[in-house]
Every structure is written in structure tokens, then in C-alpha cells.
Amino acid sequence: MAVTSFIVKKEYGSWFIKRIWLLIPIPALVFSYVTTTFFNSNSNLLTLLNNLFSGRLSIVQGILNQYGIKVFGQKVIENGWVVVVLI
């Protein structure tokens, strides 16, 4: 109740919302990195999250294992198809 009254007040509401939007990317980045780094298919929770995220945790874990994270970036060879349709 106290939190909602704090948010509803006009003079505090805009300040609170501005600060929250600035802080959301940091925990999201930590959550993303930790869940992909420690992903294990034997964990029920991580398997559930992987299924909710359409298998992205396992895909990103494979990419991190293969390429890693470099401070200055790196060249990644991409293989794919290009389809050109001429009408």
C-alpha cells in the first residue's frame, strides 16, 4: 500500500519511474549472462526458462562456448543463404 501511494504521488512518481527505467538493463544483462552461462538441461527451472524462451538459452550457451566474449570483438564467419527473387 505504501509503495503504490508513493508511485501515485505526482511529484515522486515521475522521479521513481525515471530511475527504474535506468536500472532495469543492469539486472537484465546479469540475468541473461548467468542463465546462459550456467544453463544445464538437468535443471528443471532452467529447462522451463529455456522452453519459455524458445530454446534461446541453449543456443546462446553453444555460441558462448564456441566463440566466447572478447573485449574488442572478433570476426565470426557466417554461413547462410541469400535468395534473390526476380519478378
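Residues numbered from 1 in each chain as written. Predicted model: local features only at pLDDT ≥ 70, side-chain atom pairs only at ≥ 80, totals over all residues. Heavy atoms only, no water.

## Here we look at the packing of helix α4 (residues 44–52) against helix α5 (residues 56–67)
No. 1: At a minimum axis distance of 7 Å, the contact between α4 and α5 shows a crossing angle of 100°. In terms of their interaxial angle, α4 and α5 are classed as roughly perpendicular. Along the contact surface, α4 presents Leu46, Leu49 and Asn50, while α5 presents Arg56, Leu57 and Ser58.
No. 2: Along the lines of polarity and charge, the residues of the contact of α4 with α5 split into three nonpolar, two polar and one charged. (Axes fitted to C-alpha atoms, helices over the stretch in contact; angles between N-to-C directions. Helix = DSSP H or I, 4+ residues; strand = E, 2+ residues; numbered from the N terminus. Parallel < 35°, antiparallel > 145°, perpendicular 65-115°, else oblique. Contact = heavy atoms within 4.5 Å. Nonpolar A, V, L, I, M, F, W, Y, C, P; charged D, E, K, R; others polar.)

## Focus: unusual backbone geometry
No. 1: Within the chain, Ser54 stands out as a residue other than glycine whose phi angle is a positive 60°.
No. 2: You can see Ser54 is positioned in the loop between α4 and α5.
No. 3: Judged by its relative accessible area of 55%, Ser54 falls in the exposed class. (Buried < 20%, exposed > 50% of the residue type's maximum accessible area, 1.4 Å probe, protein only.)

## A closer look at the packing of helix α3 (residues 25–37) against α5
No. 1: Close contact between α3 and α5 brings their axes to 8 Å; oriented N to C, the two are set at 80°. Taken together, α3 and α5 sit at an angle that is classed as roughly perpendicular. Contact with α3, carried on its side by Thr35, Thr36 and Thr37, involves Leu57, Val60, Gln61 and Leu64 of α5 and no other residues of that element.
No. 2: Grouping the constituent residues of the contact of α3 with α5 by class yields three nonpolar, four polar and no charged.

## Comments concerning the side chain of Gln61
No. 1: Note that Gln61 resides in helix α5.
No. 2: In this structure Gln61 comes out as buried when scored by relative accessible area, which is 18%.
No. 3: With near-sequence residues (within four places) excluded, Gln61 lies in contact with Thr36, Thr37 and Phe39.

## A word on the side chain of Thr35
No. 1: Relative to the assigned elements, Thr35 resides in helix α3.
No. 2: Given the relative accessible area of 9%, Thr35 is considered buried.
No. 3: Separated by 2.8 Å, the side chain of Thr35 and the backbone oxygen of Phe31 make a polar contact.
No. 4: In terms of polar contacts, Thr35 uses its side chain to reach the backbone carbonyl oxygen of Ser32, at 3.2 Å.
No. 5: Leave out the neighbours within four places in its chain, and Thr35 touches Leu46, Leu49 and Leu57. (Polar contact = N/O pair within 3.5 Å; in protein donor to acceptor, adjacent residues only side chain to side chain.)

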